[in-house]
Each structure stands twice: as structure tokens, then as C-alpha cells.
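What follows is the residue order along each chain.
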Amino acid sequence: MPEAERSPVAPEILLRLREAAGTGGWVDAPDEVAPYLDEQRGRYRGATPAVLRPGTTKAVAEIVRICAETGTPLVPQGGNTGLVGGAVPAPDSTEILLNLGRLNRIREVDAAGGTITAEAGCLLANLQRAAEEVDRLLPLSLGAEGTCQIGGNLATNAGGTQVMRYGSARSLALGLEVVLPDGRIWNGLKRLVKDNAGYDLRDLFIGSEGTLGVITAAVLRLFPRPRQSVTALAAASSVADAVKLYAALAAASGDRMTGCELMSERALAFALHHLPGATAPFSRAHPWTVLMEFHGGAGDDLGAAVESGFAEALELGPALDAIVAQSAAQEQSLWRLRESIPDAQKREGASIKHDISVPTSRMASFTTRADQEVESALPGVRVVVFGHLADGNLHFNLSQPEDMSADVFEANRDRLSRIVHDLAVSEGGSISAEHGIGRMKQADLARYKSAEELDIMRAIKGAIDPRGILNPGKVL
Ligand SMILES: Cc1cc2nc3c(=O)[nH]c(=O)nc-3n(C[C@H](O)[C@H](O)[C@H](O)COP(=O)(O)OP(=O)(O)OC[C@H]3O[C@@H](n4cnc5c(N)ncnc54)[C@H](O)[C@@H]3O)c2cc1C
């Protein structure tokens, strides 16, 4: 139903929802509701008559059933760390917010079978710890892991720093439990690595951003915990050399690289400037820096292999300088530099952010062209690039020129984003590598997806959620 035609949620519906949410599952005091309504970057602020926080899948199903029956729009929300406004209700207070935070039991950890079965509201960091306690690794790792929930990670098919080795959230999920838009529960909590029996419903719900169903639980894969890790930082003069460096070290380490993060000179300078106690890693600034992590087993020659890989890269050219961390403290301080970039950029004023991906072989041409085109469109714009090099995923961000007000800079948002997205697509890439579409990139999706793709997506939405109650106004 178009937002303009919606009416407020009737009091009798609210009464039924309150009962379905159960004890402790109802929040409507304005000061308690407020923290659920703001998107991370402050670009969207919603309103709702109530936040529902059910503690069981059955209660979620009953809530969705009431919403389906009454045509009441419902917005699923996890940790609300998403960056495209997907978990925030519309500002007209006609949508109910369904927060999954109380659905947070770990149902089973099967160390021998390499799986963990967890409810959607479990914090990602808690699941990582639960895996560690049985000497296993849950390799999904991202900056928001202390706040985001596994349901939100799956709903956005989250990536993070170890995708190159273990894949994104989709690759880690073996099974799902989902409340469908009519209130039925689909129990797909299988533990199968192989299952070709018909359409893959699991993969349909993963990445659907709360528009097709409410994920209530999942079975995730666990891996052996690495016995040793090596972290290194290297400098390169161009993106092309950074890509060569990645390929050289991936080979030299025997394919034991698990993370490979690229930072531009300005991105690193912002981090060094704003991170308390940070010190420059090299004696001079370099155009590009690459942070790499390698994992190995007990008794591996990992350190020696990485050291000799860098020695060769320094001799042959793609590396200008390199440091291999000698202690856990040094490893952490190198990772802190990378992780502090988003916050450092915030401190530099207004920013326009992009989350694009291109084939790794096109990263050099994309960054060169995009850099030139945004600079000529808005002279003085400060380009800040960082991202997951091995995945071809770049946060090609723009900070306001030093001599321009935030408002004037913001007025250029659509024009500049159009340049960056057009270029990414022309290089065979995507406008959203990790964060999804949400509310923010709806128009972009319509612009860059083909008519065939959009038709199929709309048909799927119409078939599964014919009344359009789940997360309306998002994605499509
Ligand atoms: C500092 C920081 C670093 C980040 N780094 C990364 C990164 O490296 N890689 C990456 O991919 N993302 C990253 N993100 C984005 C964000 O953390 C991820 O998208 C995360 O997976 C969202 O999880 P969440 O629980 O916060 O979901 P929310 O923000 O609450 O929701 C996101 C979307 O999923 C839907 N949703 C949430 N829970 C459910 C559910 N149970 N069932 C159905 N739909 C649901 C919502 O409706 C919404 O559309 C980062 C964000 C921050 C703030």
C-alpha cells in the first residue's frame, strides 16, 4: 500500500499485538522507543506506535499473522547497524517495528559436526565467542560485530574482513528458520552442505533485507580455529601494484591469506590523525597501504613463508615497504588503524559514501577514472578509499572539500554518487557489495538492474508477500 494512503494502526490491533508480544515484549514510551528509530549515520529517522520485542519464534509468528490479517506494515530490525536505512520504519508512524533482540538463545553448538544453531537476535560477537569456547571459528567478522545480530547479518548477507577465505554470511548458513509474511513458520534448519532438492529457499531469504520473511534462527558453519596468525602491512605506489602484491602474497603463503584490506593515503592519514595514540607505520606516507592477515595450523612455516614473500615483493617492485607484526599488540594496532577509518572520516565533516564492487582486475582503472571524474565534478572533494581488496569491494567515499560547507557539499550527493555508480557498473561491478539496498538505494536499483531482473524480483515479492506488509518501501 502506498505510504500516502496508510492510516494509523488502530488501537484494537495494537492491543492484539501487545498480547502476542508477551511479557517484556512491548515498548511504547517515547524515550524508550527513540533509540530504535535512528539509522546509524543519522540519514533516516522513523516513527512507530510500538516496538515489539518477542522472545520466541511462536510469538514472532503470531505477530506476523496479526499484521497479515489486518494489513499492518511490519519492519524487522536486528542490531540496527545497517547503513542503508533498511531497519528504520517510515516517519509517519504507520509501521510496527519488530526488534529481534530478545530472541537470543543459542540452541545448540555441535563442535564435532562444525555447526552452531542460534536464534536471530544473538549478537554476532557472542556467537564468535561460543564457537571459540569449543575451539572452533565462526569466521564472520565486521566492525559492528558487538552490536549487529546474526538475523541482521543474514538478512543483509553481510561480508566483512574474511570473505576472501570463508565467503559472506550466505556461504556460512546451512539452514534457516523463517516466519513467512502470512505468519506460518518455515522450518529449514537443516545442516546439509549439499541439498539440490528444488529451489533454494534459504538463499532466497538471505540478503532479502526483511522484505520476504522474518529470520528467527539459523544453522551456521564452524571451522577449525587457526593455530597461528600473521599480520602484515605493505605499501604500494598504485592500486595496480596493490593488486599484484595481494596475488604475490596469496601465492607465497600457500593460499593462507584470510584478509586483505586496502587503504588510500588519505584514508590512513585520517585514521592517524584521529585515532588517539596512533603512530605512522612507515617512515613516510605512501599512496596505498595493504593490510594482510594469514592463518595457519600448528607447526606451519607461515611466518617464514610470508617473510620471504615480502622479501621478493620488495625486490621485484609491487611493494615499496613492508612490516610483519612481531606481537599481538602490534597486530591489533595495525587492525585498529583500518577499523578506525569510518569514524575518522566522520570527524572530517560531511561524507558521501559508496559500497561498490568491481572485478579485482578492474580496481585500478575504476579508482583512477572515478578519482578524476569526481575531482572534475567537484574540485577540492577529498576522496577517501578503503575496502576489502581481495573481494574487489571498495568504500569509495568522498569527504567535503575543506573550504565548502556541509550543506553545499550535500547538495552534490546525487550527482557525485551517479558518477561513482555509473563507473562501477561500466567496469562490470555492483552498486552494493555489502550494505544492501534498503531505503537509500532503491532508485539506484531501479536504474542499474535490468528489466528482467526487476520483473523477477517483483514477482517473488508479490508471490511471497502479496499484501506487501513486510518492510514496505525497502529494496523494491
Ligand atoms: C562500524 C560498522 C561496520 C560495518 N562493517 C560491515 C562490513 O564489513 N560488512 C558488511 O556487510 N556490513 C557492515 N556493516 C553494516 C551492518 O553492520 C551489517 O549490514 C549487519 O549485517 C546488519 O546487522 P543488524 O543486526 O544490525 O541488522 P539491522 O541493521 O537491524 O537490519 C538490516 C536489514 O536487515 C533486516 N533484518 C534485520 N534482522 C532481520 C531478521 N531477523 N529477519 C529479517 N530481516 C531482518 C532489516 O529489516 C534491515 O533491512 C557495518 C556497519 C557498521 C556500523
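Note: the structure precedes this text.
Let me begin by describing the structure that accompanies this report. Residue numbering note: each chain is counted from 1, following its sequence as written. Side-chain atom pairs in this predicted model are given and counted only at pLDDT of 80 or more, local residue features only at pLDDT of at least 70, and totals for whole chains, interfaces and linings cover all residues. Side-chain numbers here rest on the full set of heavy atoms in the structure, without hydrogens or water.

Points about the packing of helix H1 (residues 11-21) against helix H3 (residues 57-70)
- Between H1 and H3, the shortest axis-to-axis distance is 8 Å and the interhelical angle comes to 165°. The orientation of H1 relative to H3 falls into the category roughly antiparallel. With respect to the hand of their crossing, H1 and H3 are arranged in right-handed fashion. On H3, the residues touching Ile13, Arg16, Leu17, Ala20 and Ala21 of H1 are Ala59, Glu62, Ile63, Arg65, Ile66, Cys67, Glu69 and Thr70.
- Gly is put with the polar residues, along with every residue not named as nonpolar or charged; the nonpolar set is Ala, Val, Leu, Ile, Met, Phe, Trp, Tyr, Cys and Pro, and the charged set is Asp, Glu, Lys and Arg. When grouped by side-chain class, the residues that make up the contact of H1 with H3 number eight nonpolar, one polar and four charged. Angles run from 0 to 180 degrees between N-to-C directions of axes, and those axes are lines fitted to C-alpha atoms, restricted for helices to the stretch in contact. Secondary structure counts use DSSP, requiring at least four H or I residues in a row for a helix and at least two E residues in a row for a strand, with both numbered from the N terminus. To sort the angles, those under 35 degrees are grouped as roughly parallel, those over 145 as roughly antiparallel, those from 65 to 115 as roughly perpendicular, and the leftovers as oblique. Helix crossings are classified by the rotation of the near helix relative to the far one: an anticlockwise turn of less than a right angle makes the crossing left-handed, while a clockwise turn makes it right-handed. What makes two residues a contact is simply this: any of their non-hydrogen atoms within 4.5 Å.

A few points about the site of the ligand
- Inspection of the region around the ligand gives 35 residues, with Pro76, Gly78, Gly79, Thr81 and Gly82 positioned closest.
- Throughout this description, a polar contact denotes any pair of N or O atoms lying within 3.5 Å of each other; where both atoms belong to protein, one of them has to be capable of donating a hydrogen while the other can accept it, and for residues adjacent in sequence the pair is counted only when both atoms sit in side chains. In this structure, an oxygen atom belonging to the ligand sits 2.6 Å away from a main-chain N or O atom of Pro76.
- Measuring from an oxygen atom of the ligand, one finds a side-chain N or O atom of Thr81 at 2.7 Å.
- Accessible surface area values rest on a Shrake-Rupley calculation with a 1.4 Å probe, where residue burial reflects the displayed protein chains alone. In isolation the ligand has 980 Å² of accessible area, and contact with the protein removes 91% of it.
- Those elements that place two or more of their residues in the shell around the ligand are strand S3 (74-77), helix H5 (150-155) and strand S10 (214-221).
- A total of four residues in the shell around the ligand trace back to one element, the largest contributor, which is H5.
- Considered class by class, the residues forming the shell around the ligand number twelve nonpolar, 21 polar and two charged. Whether a residue is near a molecule or strand depends on its heavy atoms: it is near if one of them lies within 4 Å of it.

Focus on the packing of aromatic side chains
- When the centres of two rings from Phe, Tyr and Trp lie within 6.5 Å, Trp using its six-membered ring, the rings pair. Their planes under 30 degrees apart give stacked, over 60 give edge-to-face, and anything left gives tilted. With the rule as written, the count across this model stands at three aromatic pairs.
- Aromatic pair Phe366 and Phe396: ring centres 5.5 Å apart, planes at 75°, arrangement edge-to-face. Residue Phe366 is located in helix H14 (residues 363-377), and its partner Phe396 is located in strand S19 (residues 393-399); the two are separated by 30 residues in the primary sequence.
- Classification of Phe396 as buried rests on a relative accessible area of 0%. When accessible area is computed with a 1.4 Å probe and restricted to protein chains, residues below 20% of their type maximum are described as buried, those above 50% as exposed, and intermediate ones as partly exposed.

Overview of helix H12 (residues 328-339)
- Taking 1.5 Å as the rise per residue, H12 with twelve residues should run 16 Å; its terminal C-alpha atoms sit 16 Å apart, in good agreement.
- When H12 is considered as a whole, its buried residues turn out to be Glu331, Leu334, Trp335, Leu337 and Arg338. All buried residues of H12 fall inside an arc of 150° around its axis, so they share one side. Among the exposed residues of H12, those pointing more than 90 degrees away from its buried face are Ala328 and Ala329.
- Here the buried face of H12 lies against strand S12 (228-236), strand S13 (257-264), helix H10 (265-274), strand S14 (288-296), helix H13 (341-347) and strand S18 (382-388). An expected span of 1.5 Å times one less than the residue number is assigned to each helix. Directions pointing from the helix axis toward each C-beta atom define the arc.

Observations concerning the side chain of Asp444
- Along the chain, Asp444 falls in helix H17 (residues 442-448).
- We score Asp and Glu as negative and Lys and Arg as positive, and we do not count His or the chain ends. The working definition used for a salt bridge is a side-chain nitrogen of Lys or Arg within 4 Å of a carboxyl oxygen of Asp or Glu. Despite its burial, Asp444 pairs with no opposite charge; the closest candidate is Arg418, at 5.5 Å N-O.

Some words on the sheet that holds strand S8 (residues 173-179)
- Read across the sheet, five strands follow the order S5-S6-S10-S8-S9 without closing on themselves; strand pairing throughout is antiparallel. With one partner strand each, in any of the chains shown, strand S5 (106-110) and strand S9 (185-188) form the two edges of the open sheet. When the angles between neighbouring strand axes are averaged without regard to direction, this sheet yields 10°.
- Alignment of strand S6 (residues 115-119) against S10, held across five bridges, turns out to be antiparallel. Here a strand pair is declared whenever DSSP counts at least two bridges between the two strands.

Observations concerning the pairing of S14
- Of all nine residues making up S14, nine are buried, and the element is well covered by its neighbours.
- With burial as the criterion, each face of S14 is covered, one bearing Trp288, Val290, Met292, Phe294 and Gly296 and the other bearing Thr289, Leu291, Glu293 and His295.
- Across nine bridges, S12 lies against S14 in antiparallel orientation. Directly across from Ala236, in S14, lies its bridge partner Trp288.
- As paired elements, S13 and S14 share seven bridges and run antiparallel to each other. The residue of S14 that forms the bridge with Ser264 is Trp288.

With respect to the side chain of Thr117
- With respect to the element layout, Thr117 can be found in strand S6.
- Sequence-distant contacts of Thr117, that is, excluding residues within four places in its chain, are made with Ile106, Arg107, Glu108, Arg191, Ala218 and Val219.

A look at the sheet that holds strand S1 (residues 26-27)
- If you trace the four strands from one edge of the open sheet to the other, you get S1-S2-S4-S3, paired in mixed fashion. Bordering the open sheet on either side are S1 and S3, each of which pairs with just one other strand.
- Set on the sheet, H3 makes contact with strand S2 (51-52), S3 and strand S4 (96-99); between it and S3 the angle comes to about 155°.

Looking at the pattern of salt bridges
- Taken as a whole, this structure holds 29 salt bridges when the rule is applied.
- Between Arg227 and Asp135 there is a salt bridge, with its nearest N and O atoms 2.8 Å apart. Placement of the pair is Arg227 in the loop between strand S11 (223-224) and S12 and Asp135 in the loop between helix H4 (124-133) and strand S7 (136-137), with a sequence separation of 92 residues.
- Accessibility expressed as a relative area gives 48% for Arg227, which makes it partly exposed.
- A relative accessible area of 28% means that Asp135 is categorised as partly exposed.
- Between Asp465 and Lys461 there is a salt bridge; the shortest N-O distance is 2.7 Å.
- The exposure class assigned to Lys461 is buried, which follows from its relative accessible area of 17%.
- Each of Arg16, Glu62, Arg65 and Glu69 takes part in salt bridges that share partners, so that together they form one network.

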